[in-house]
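Chains, contacts and geometry: an overview
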Amino acid sequence: SHKELLTIPKALYYDNELDACADERMAESCLQFPGLTEDARKKKVPLVFHGVIGQDLKEETSPSFFNVEEIVIVLDYIRQILEMRENKVLPKEIGVITPYRRQVQKIRNKLKKEGYQDVMVGSTEEFQGQERAVIILTTVRSGETSGHVRQGLGFLASVKRFNVALTRAQSLLVVVGDPELLSTDSTWMEFLGKVVEMGSYTGCGLPECLV
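As a starting point, this report considers the structure included with it. Residue positions within a chain follow its written sequence, with the count starting from 1. Only residues with pLDDT of at least 70 are given local features in this predicted model, and only at 80 or more are side-chain atom pairs given and counted; all residues enter the totals for whole chains, interfaces and linings. Here the side-chain values reflect all heavy atoms present in the structure, with hydrogen atoms and water set aside.

**Observations regarding the nonpolar core**
Heads up, the condition is: In plain words, nonpolar cores are sets of buried Ala, Val, Leu, Ile, Met, Phe, Trp, Tyr and Cys residues tied together by side-chain atoms within 4.5 Å. Exposure categories follow from relative accessible area, calculated using a 1.4 Å probe and restricted to protein chains: below 20% of the type maximum is buried, above 50% is exposed, and the middle band is partly exposed. For the purposes of this entry, the term helix denotes a DSSP run of H or I that reaches at least four residues, the term strand denotes a run of E that reaches at least two, and both are numbered from the N terminus. By definition in these notes, contact holds between two residues if any of their heavy atoms fall within 4.5 Å.
Counting residues in hydrophobic clusters, the biggest one holds 52 residues, and the most contacted among them are Phe49, Ile78, Ile94, Val134, Ile136, Trp188 and Phe191. Elements that contribute at least two residues to this core include exactly strand S1 (47-51), helix H4 (68-82), strand S2 (94-97), helix H5 (101-113), strand S4 (132-138), helix H8 (159-166), strand S5 (169-177) and helix H10 (186-198). Leave out the neighbours within four places in its chain, and Val134 touches Cys30, Ile81, Val89, Glu93, Ile94, Gly95 and Leu172.

Structure (structure tokens):
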């Protein structure tokens, strides 16, 4: 992975002892991605956190959540990535990670309609032991969650899953999620703090605790 993509997991989990071992050309291939913030491009940080306050929904037939606003943003990033002229990225080099089965199915269907079925979409477990040039993580949960916030975060509060999701990307990591909700979890709060520090945040306004 690109060394800047490892600075956060290094600080959170590895006592700063995790080394980047990806091929340098591969690791630096997305530094001119137009979806990066101006700051991220200047600092050469191939990371975007796109904040969105959407709505997590369920259908009667399934207990699993999905989030339409996040699906739209994910597809937009995939289109932008595939349109890059320099250092072309192929659909099979992109992975989309999401903790909810319904979100996986809905994104797969949309990608199939656009002819991008080679983009791998799955849960964190499905990506264990694998890497992709580009990883897009859609966290799904948003807004006021019923019951305890931590319970509302469900899968997202798992440190192991969080670590796996963050370390799958070799040259670009895009995270799409609700900063208000995610910042209620200490690990996500730390992650968001580092994202803001790196100038890699875009999207909706940040919660007060991060401004």
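Next comes the rest of the description.
**Some details on the packing of aromatic side chains**
The geometry of an aromatic ring pair comes down to the distance between the two centres and the angle between the two planes. As a reminder of what qualifies: Centres within 6.5 Å make a pair out of two Phe, Tyr or Trp rings, where for Trp the six-membered ring is used; the pair is then stacked when the planes are under 30 degrees apart, edge-to-face when over 60, and tilted otherwise. We call a charge positioned above a ring when the Lys NZ or Arg CZ atom is no farther than 6 Å from the ring centre and deviates by at most 35 degrees from the ring normal.
Counting across every chain of the model gives seven aromatic pairs. Seen from their ring centres, Phe162 and Trp188 are 4.5 Å apart, and the 80 degrees between their planes marks the pair as edge-to-face. Note that Phe162 is positioned in helix H8 and Trp188 in helix H10, a separation of 26 residues in sequence. For Trp188, a relative accessible area of 2% puts it in the buried group. Pairwise contacts between aromatic rings join Phe49, Phe162, Trp188, Phe191 and Tyr201 into one cluster. Residue placement shows Lys106 over the ring face of Phe66; its charged tip is 4.5 Å from the ring centre.

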